[in-house]
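Survey of secondary and tertiary structure
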Amino acid sequence: MKKTILLTRYLPFALAMLFASCEPADQSKSDKEKFVNELIGRMTLEEKIGQMTLLTNGWEVTGPVLNEDYRQEVIAGRCGNIFNAHTVVYNRVLQNLAVNETRLGIPMLFGYDVVHGHKTIFPIPLAEACSWNLELIEKSARLAAREAAASGLNWTFAPMVDVSRDPRWGRVAEGNGEDAWLSGQIAAARVSGFQGDCLSNPFTMAACVKHYAAYGAPMAGRDYATVDLSELSLRSQYLPPFEQAVKAGVASIMTAFNEVNGVPATANTHLMNILRNEWGFEGMVVSDYTGINEMVQHGYAKDVKQAGEQAVAAGVDVDMQGCAFLNYLKKSVQQGVISESTINQAVRRVLNLKYDLGLFSDPYLYLNDSVEAAVIYSKELLDHALEAARQSIVLLKNEPVKGDKLLPILPGSKKIALIGPLGDNREDLMGSWHAAGDPAKVTTLKEALMQRWPESQLRFARGCETFGDDRSAFGKALEAARQADLIIMALGENYKQNGEAASRSQLGLPGVQQELLEQVAAAGKPIIVLVMAGRPLVLSWIDQHIPAILNTWHLGTKTSEAIVDVLTGKMNPSGKVVMSFPKNEGQIPVYYNTKNSGRPFDPNNKYTSKYIDIPNAPLYPFGFGLSYTEYSYSDLRISRDTISKDQILTASVLVENRGEVPGEEIIQLYIRDIMGSVTRPIKELKGFKKVRIEPGQSIKVQFTISEDDLKFYRSDFSYDSEPGEFRLMIGPNSANYLSKSFFLTN
Ligand code: NOJ
């Protein structure tokens, strides 16, 4: 009996895996070319433009609905792709339309923002990046793809890899923080995770790296605002993750809403040249949502028709939601403004992707009810969601109170008060862009704590909301505080207070949470603050007054279980922040890899680059995070102090776990190029290792450095190294390290 259940449960997987084999590259390439060219030969201009069109599905209370006009466009072959539609039952109906009711029966792409999970939600990408665990991150993408593909999707609008030095910008939640190199490593991991080795495997999906480019550098941190950057910054700080995604074989790329140096990214031939000609990207380019039309507002196109022409001429293959192609491109071709060969090129890229996804062999490849039932919210996904959440938590402070650290909370008879708007909440814990994640699957923190503490010892009081100025529930919260031996405050942002179109000018706790915290703190009881947010907040007051702080971000479906594991010491926190936490908003942009300037910071010299009211250093530097144990770093060695361009240098350091519990430590390698033909940052991350160390154990951690690690963009934009002196730094974070010099010779 049991065996039969197992068989029926896993049979769909087994069958699907059987069909998932990729053909040898050369063979499939020539077959594909033949197939796609032949198909293009049979298409009308309208049908071609249809393949270049992507429209959104809608959702109503009763479920998914496709606007009647769009349905007619699909049937007429004028819309070849839909996004925001999912579930096998529903997408099968749409695919039927495309396959059986259009003249050529070309199957559709189904796109969706599977940014950090589809139904099972993993930590927001910014949080997950703090795990510095590339395998774990890749696995999240792999499992997210499996679940999304099981729901009828074949294309995700992820990974988002916009580097940002500005936490005012709400979309930092979706990215990997402030460092281009680390973000590039993560970009590649996520692309490999989503796409696997073979796109036609029905458990993988096409990735779409976004937003190309420099979307993370808007003026004043305001979403969609102007981006004005030197070519050097663009190439050194903003483009590397995109290049890494391309190297990892990403299938598609999305242009950004913003302009870059006066030209909207949607029609930016300079960016497109880098993408296509320098990096050799052959995949599909899609605009962002009505990004083409918005070129009129940018003041770059006189009307939507011209905007469409500019976009397609620059190399945009698919128009997301703007209908600029749908409504005007035919005319542009007829008028000779756009050549049909330009159109054919765009269509070819769309059809190539459909081919690679296996849709021409089986349009229903991703539409299997039993696979959907077996994969969604399966144990493997939920277990991984918990592990990813646990590894994303960052311990920011854990100072003793009367001789004892508050964390981890030891078992005992303490009376605990859980206070704050995020203490009994489901949806916000999933974070922004939580796709089809179901809040009902989220345990609240209160519920999770109640599984470990007897009800008699745990009291919850909401205190206030994450927004607004209602203080009417303060009284109950203060009462709970007074009766407690230990207070856990669950404070931060709701999921709409970060993400798209959620820039903030002040980065404290929103609403009246700060007031609540200060009043609770006045009760004089020991407090642990959980900061649950989608961006680095300004935590200066909290850092000064509260002994224990955990930055827990928004960790997805398993947020609460992960937090309780860390609170109780079942999990020793190991995350380290991938964005600097500012002391106050005036420090922004604040980031670790600054340049030295001609008058570097000197607290004793007024005429140096600094503020007169605060230090330059952030509150918590890039790479910072504590643990329940303590590590000591010693014995930094390098294998040689001079290397030539074809030699390798080995650097090692001894890291000892001096505490009483095992832990995982993230050991970071930074390099400074002392002098160059263009000035160089005071340090740049070039490597890291995450290792488990037992109490009392010392581990020798090694890094290798080659000429490649020393290359940089020079003033002629060549990417090369220059001989001279370098400083190597290894330590627990960007502000604390051991260092040694070495030289590169010609
Ligand atoms: C706009 C966002 O900028 C982009 O990231 C997203 O993929 C699209 N909307 C589609 O939802």
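What counts, and where the lines are drawn
- Residues numbered from 1 in each chain as written.
- Predicted model: local features only at pLDDT ≥ 70, side-chain atom pairs only at ≥ 80, totals over all residues.
- Heavy atoms only, no water.
- Phe/Tyr/Trp six-rings, centres within 6.5 Å; stacked < 30°, edge-to-face > 60°.
- Helix = DSSP H or I, 4+ residues; strand = E, 2+ residues; numbered from the N terminus.
- Buried < 20%, exposed > 50% of the residue type's maximum accessible area, 1.4 Å probe, protein only.
- Lys NZ or Arg CZ within 6 Å of the ring centre and 35° of its normal.
- Arc of directions from axis to C-beta.
- Contact = heavy atoms within 4.5 Å.
- Polar contact = N/O pair within 3.5 Å; in protein donor to acceptor, adjacent residues only side chain to side chain.
- Lys, Arg positive; Asp, Glu negative; His and termini not counted.
- Salt bridge = Lys/Arg side-chain N within 4 Å of Asp/Glu carboxyl O.
- Pairing = 2+ DSSP bridges.
- Near = heavy atom within 4 Å.
- Areas by Shrake-Rupley, 256 points an atom, 1.4 Å probe, with all protein chains shown as cover.
- Nonpolar A, V, L, I, M, F, W, Y, C, P; charged D, E, K, R; others polar.
- Axes fitted to C-alpha atoms, helices over the stretch in contact; angles between N-to-C directions.

Here we come to the packing of aromatic side chains. Here the structure, examined in full by the defined rule, presents 20 aromatic pairs. Geometrically, the ring pair formed by Trp-553 and Phe-581 is edge-to-face, given 6.0 Å between the ring centres and 65° between the ring planes. Of this pair, Trp-553 sits in the loop between strand 20 (548-551) and helix 22 (559-567) while Phe-581 is found in the loop between helix 22 and strand 21 (631-638), placing the two residues 28 residues apart along the sequence. Classification of Trp-553 as buried rests on a relative accessible area of 1%. For the pair Tyr-592 and Tyr-670, a centre-to-centre distance of 5.5 Å together with 70° between the ring planes defines the contact as edge-to-face. Taken together, the residues Tyr-592 in the loop between helix 22 and strand 21 and Tyr-670 in strand 24 (residues 663-673) connect sequence positions 78 residues apart. Overall, Tyr-592 belongs to the buried group, its relative accessible area being 6%. One aromatic cluster is present, built from ring pairs that chain together Trp-132, Trp-181, Tyr-592, Phe-622, Tyr-670 and Phe-688. The ring of Tyr-591 has Arg-165 lying over it, and the distance from NZ or CZ to the ring centre is 3.6 Å. Geometry around Tyr-607 places Lys-606 over its ring, the cationic atom sitting 5.9 Å from the centre.

All buried positions along helix 4 (residues 68-75) are accounted for by Tyr-70, Glu-73 and Val-74. Buried positions in helix 4, seen along its axis, are confined to an arc of 100° and lie on one side of it. As for helix 4, its buried residues are in contact with strand 1 (53-56), strand 4 (81-83), helix 5 (88-101) and helix 14 (324-334). Regarding helix 4, its N-cap is Asn-67, as a side-chain oxygen of that residue lies 2.7 Å from the backbone nitrogen of Asp-69 further along. Looking at the residues trailing helix 4, positive phi occurs at Gly-77, about 75°.

Looking now at the side chain of Lys-690. Tracing the chain through its elements places Lys-690 in strand 25 (residues 684-693). Buried Lys-690, no salt bridge; nearest opposite-charge side chain is Glu-664, N-O distance 4.8 Å. A polar atom in the side chain of Lys-690 sits 2.8 Å from the side chain of Gln-391. Once residues lying within four places of it in the same chain are set aside, the contact partners of Lys-690 are Ser-131, Trp-132, Asn-133, Gln-391, Ser-574, Glu-664, Glu-665 and Ile-666.

Judged by pairing direction, the sheet is parallel, and its five strands sit side by side in the order 6-5-4-1-12 without closing on themselves. Strand pairing shows two members of the sheet lacking a second neighbour, strand 6 (155-156) and strand 12 (319-320), which therefore form its edges. Pairing between strand 4 and strand 5 (residues 109-112): three bridges, direction parallel. Bridge pairing links Asn-81 to Leu-109 in strand 5.

Around the ligand lies a shell of 13 residues, among which Asp-113, Arg-171, Lys-210, His-211 and Asp-288 are the nearest. In the model, an oxygen atom of the ligand is placed 2.9 Å from a nitrogen or oxygen of the Lys-210 side chain. Calculation on the ligand without its partners gives an accessible area of 300 Å², and the protein chains cover 95% of this total. The residue inventory of the shell around the ligand, partitioned by class, reads seven nonpolar, one polar and five charged.

Ordered by their spatial adjacency, three strands build an open sheet running 7-8-11, and the pairing between neighbours is parallel. Whereas interior strands pair on both sides, the edge strands pair on one side only; in this sheet they are strand 7 (208-212) and strand 11 (284-286). Here the strands of the sheet are splayed against their neighbours by 25° on average, with no regard to which way each runs. Pairing analysis gives three bridges linking strand 7 to strand 8 (residues 252-255), with the strands arranged parallel. Across the sheet, the residue bridging to Tyr-212 is Thr-255, located in strand 8. Together, strand 7, strand 8 and strand 11 form the strand contacts of helix 11 (residues 269-278), whose direction differs from that of strand 7 by roughly 150°.

Here we come to the pairing of strand 25. Of all ten residues in strand 25, eight are buried, a share of seventy percent or more. One ladder, built from nine bridges, connects strand 24 with strand 25; its direction is antiparallel. Opposite Leu-669, over in strand 25, you have Gly-687 as the bridge partner.

The analysis is restricted to geometry; functional conclusions fall outside its scope.
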